[in-house]
Amino acid sequence: MLSKEDNRRLAQLERQLQREDPDFCARMGGGNFSVSSAGRPALPLFVVAAVMAAVSLVLGLAGWWIAASAVAGWAVVTAIAAAFRIRRARTR
């Protein structure tokens with residue numbers, strides 16, 4: 001655990017580094033800085049959601065309703081995440 005003085009000094013060093021080299025800070029992923037990366041594409045998430053939906057269908061046909069429901073729920077969550085990623089990319 002850092003002391004108050006150490007925390008203050010660390011915050012000061014972070015601010016100084018951010019001012020001097022924001023590109024480096026953005027590449028290191030040290031926070032939400034003004035220089036942002038392009039982000040990851042959403043297509044792989046849609047592929048994962050489609051595969052999960054197919055697995056859910058197979059599980060449902062096999063009679064495993066609880067597992068099928070869980071996988072279908074995660075497929076929906078994954079598809080929503082991909083849609084949000086596309087929407088966020090379009091607003092930039």
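Data block above holds the structure.
Computed from a predicted structure; not experimentally measured. (Residues numbered from 1 in each chain as written. Predicted model: local features only at pLDDT ≥ 70, side-chain atom pairs only at ≥ 80, totals over all residues. Heavy atoms only, no water.)

**Q** Please provide a residue-by-residue account of the overall build of the protein, values included.
**A** Scanning the protein from terminus to terminus reveals 4 helices and 0 strands. For the protein, the proportion of contacts with a sequence separation of at least 24, taken over those separated by at least 6, is 49%. Of the roughly 7500 Å² that the protein leaves accessible, carbon and sulfur atoms contribute 65%. (Helix = DSSP H or I, 4+ residues; strand = E, 2+ residues; numbered from the N terminus. Contact = heavy atoms within 4.5 Å. Areas by Shrake-Rupley, 256 points an atom, 1.4 Å probe, with all protein chains shown as cover.)

**Q** For helix α3 (residues 43-61), give the residues involved together with the corresponding values.
**A** In an α-helix, one turn spans 3.6 residues; hence positions three or four apart end up facing the same way. For α3, with 19 residues, the first-to-last C-alpha span of 27 Å sits near the 27 Å given by 1.5 Å per residue. Taken residue by residue, α3 has Ala-49, Met-52, Ser-56, Leu-59 and Gly-60 as its buried positions. Down the axis of α3, the sector holding all buried residues measures 95°, keeping them to one side. Turned more than 90 degrees from where α3 packs its buried face, Leu-43, Val-51, Leu-57, Val-58 and Leu-61 sit exposed. Of the residues flanking the end of α3, it is Gly-63, one or two places downstream, whose phi is positive at about 95°. (Expected span 1.5 Å × (residues − 1). Buried < 20%, exposed > 50% of the residue type's maximum accessible area, 1.4 Å probe, protein only. Arc of directions from axis to C-beta.)

**Q** Quick rundown of the pattern of salt bridges? Include the residues and the values.
**A** This model, assessed by the stated rule, comprises 1 salt bridge. Close ionic contact of Glu-5 with Arg-8 constitutes a salt bridge, the shortest N to O distance being 2.5 Å. Within this pair, Glu-5 and its partner Arg-8 are both found in helix α1 (residues 4-20), separated by 3 residues, close to a single helical turn. (Salt bridge = Lys/Arg side-chain N within 4 Å of Asp/Glu carboxyl O.)

**Q** Go over the environment of Ala-75 with me, naming the residues and quoting the values.
**A** Residue position: Ala-75 is located in helix α4 (residues 65-91). The spacing of Ala-75 and Val-48 is 27 residues in sequence and 7.6 Å in space, taken between C-alpha atoms. Setting aside residues no more than four positions away along its own chain, Ala-75 makes contact with Ala-49, Met-52 and Ala-53.

**Q** Before we move on, can you summarise the packing of α3 against α4 with the specific residues and values?
**A** Where α3 contacts α4, the two axes come as close as 8 Å, and the packing angle between them is 165°. One element, α3, and the other, α4, form an angle in the roughly antiparallel class. The chirality of how α3 crosses α4 is left-handed. Across the contact of α3 with α4, the residue classes tally to 20 nonpolar, 3 polar and 1 charged. (Axes fitted to C-alpha atoms, helices over the stretch in contact; angles between N-to-C directions. Parallel < 35°, antiparallel > 145°, perpendicular 65-115°, else oblique. Left-handed = near helix turned anticlockwise from the far one by under 90°. Nonpolar A, V, L, I, M, F, W, Y, C, P; charged D, E, K, R; others polar.)

**Q** Please provide a residue-by-residue account of the side chain of Ser-56, values included.
**A** Examined against the element boundaries, Ser-56 turns out to sit in helix α3. Overall, Ser-56 belongs to the buried group, its relative accessible area being 11%. Not counting residues up to four positions away in its chain, the partners in contact with Ser-56 are Ala-68, Val-71 and Ala-72.

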